[in-house]
Amino acid sequence: MISHLLGRSSRDHLTLELLQTFLKLTKYLVTCPSNNTDLLLKQLLDHCLFNPSLWIHTPASVQTKLYSYLATDFLSDTKIYSNVRRVSTVLQTMHTLKYYYWIVDPSELTGIVPKGTDGPRPTKEEIIAIRSFMLLFVKQLIMIGNGVKDDELQSILNYLTTVQEDENLHDVLQMLMSLMCDHPSTLVPAFDVKGGVKTVFKMMKSESQLIRLQALKLLGFFLSRSTHK
């Protein structure tokens, strides 16, 4: 209900002070001994903190504070992590990157209807910085667990396959390369099963030399850590 009311009210209410209140409430719910706190915490995360439509038109400082918190202090608390629906959160964050936090408008090449266009947006440089925190959040979510889940990798590959703007691809491709290096035991077989090589070949068609080189590096990491089979 809070999220719904905020979405219908003036954007002036979505301030740094409000975000700080949400963060304090998160910490309170983690430590509050009650039968309903886990449910309330999940609701707070899903509908408020993980809801990009609430934050996309707020000042860049507010958005940076939110996503830097998610990428660092948020996941350091095991109680909070245990209440995060990990796979759905990764999928939701990749969707947010694609539809809300694009660097280059994806409507023409990718052919999707971008969101967050009905109000002020952060600058290109601010979007790039916010995306870096979001991708760090995704990486931390995956690394805290026992390696990547199939659906998580599929969402990353879907992003890289469907997004056509080079500037919207670069940082996500870098994150996947980093995961391949850090979690080869789970990434390599999952990458094989999900047909990740097809995504590499798609990116090899890019006009950007940087994207093509990164795609080759990803393929190299995959092959060097694969078994003979």
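Source: prediction; values computed, not measured.

(A) Geometry of the side chain of Gln-214. Structurally, Gln-214 can be placed in helix α13 (residues 209–224). A relative accessible area of 6% places Gln-214 in the buried class. Leaving out residues up to four positions away in the same chain, Gln-214 has contacts with His-170, Leu-173, Gln-174 and Met-177.

(B) Geometry of the packing of aromatic side chains. This structure, assessed with the given rule, holds seven aromatic pairs. Look at Phe-22 and Trp-55: their rings are 6.2 Å apart centre to centre, the planes differ by 85 degrees, and that puts the pair in the edge-to-face class. Of the two residues, Phe-22 sits in helix α2 (residues 16–31) while Trp-55 sits in helix α4 (residues 52–55), which places them 33 residues apart along the sequence. For the ring pair Tyr-69 and Phe-74, a centre distance of 5.8 Å and an interplane angle of 65 degrees mean the geometry is edge-to-face. As far as burial versus exposure is concerned, Tyr-69 and Phe-74 are alike and both buried. One aromatic cluster in this structure is built from Phe-50, Tyr-69, Phe-74 and Phe-137. Its guanidinium or amino end placed over the ring of Tyr-99, Lys-115 lies 5.7 Å from that ring's centre, counting from NZ or CZ.

(C) Representation of helix α12 (residues 196–203). For α12, every residue scored as buried is listed here: Gly-196, Thr-199, Val-200, Lys-202 and Met-203. Summarising the axial view, the buried residues of α12 lie within an arc of 160 degrees, below the 170-degree limit, and thus occupy one face. Against the buried residues of α12 lie α9 (150–162), α10 (166–182), α11 (184–193) and α13.

(D) Quick look at helix α3 (residues 37–49). Taken together, the buried positions of α3 are occupied by Thr-37, Leu-41, Leu-44, Leu-45, Asp-46, Cys-48 and Leu-49. In this structure, the buried residues of α3 make contact with α1 (2–8), α2, α4, α5 (60–76) and α7 (86–99).

(E) Region of interest: the packing of α10 against α11. Axis separation between α10 and α11 bottoms out at 6 Å; the angle between their running directions is 120 degrees. Classified by the angle their axes make, α10 and α11 are oblique. Seen from α10, the contacting residues are Leu-176, Leu-179, Met-180, Cys-181 and Asp-182; seen from α11, they are Pro-184, Leu-187, Val-188 and Phe-191. In terms of residue class, the contact of α10 with α11 is made up of eight nonpolar, no polar and one charged.

Rules used throughout
- In this convention, every chain numbers its residues from 1, walking through the sequence in written order.
- Given that the model is predicted, a residue must reach a pLDDT of at least 70 before its local features are reported, and side-chain atom pairs must reach 80 or more before they are shown or counted; all residues, however, enter totals for whole chains, interfaces and linings.
- The basis for every side-chain value is the complete set of heavy atoms in the structure, and neither hydrogens nor water enter the calculation.
- Numbered from the N terminus, helices here are DSSP runs of H or I no shorter than four residues, and strands are runs of E no shorter than two.
- Buried, partly exposed and exposed residues are distinguished by accessible area as a fraction of the type maximum, computed with a 1.4 Å probe on protein chains only: under 20%, between the cut-offs, and over 50%, respectively.
- Should any heavy atoms of two residues lie within 4.5 Å, those residues are considered in contact.
- Only rings of Phe, Tyr and Trp enter the pairing, Trp through its six-membered ring, and a pair is recorded when the two centres are within 6.5 Å. The plane angle decides the type: under 30 degrees is stacked, over 60 is edge-to-face, the rest tilted.
- In our convention, an over-ring charge means Lys NZ or Arg CZ found within 6 Å of a ring centre and within 35 degrees of that ring's normal.
- The reported arc concerns the directions from the helix axis to the C-beta atoms and nothing else.
- Note on geometry: axes are C-alpha line fits, over the in-contact stretch for helices, and angles between N-to-C directions span 0 to 180 degrees.
- In what follows, roughly perpendicular refers to angles from 65 to 115 degrees, roughly parallel to angles under 35, roughly antiparallel to angles over 145, and oblique to any angle outside these ranges.
- Residue classes follow a fixed rule: Ala, Val, Leu, Ile, Met, Phe, Trp, Tyr, Cys and Pro count as nonpolar, while Asp, Glu, Lys and Arg count as charged, and any other residue, Gly among them, counts as polar.

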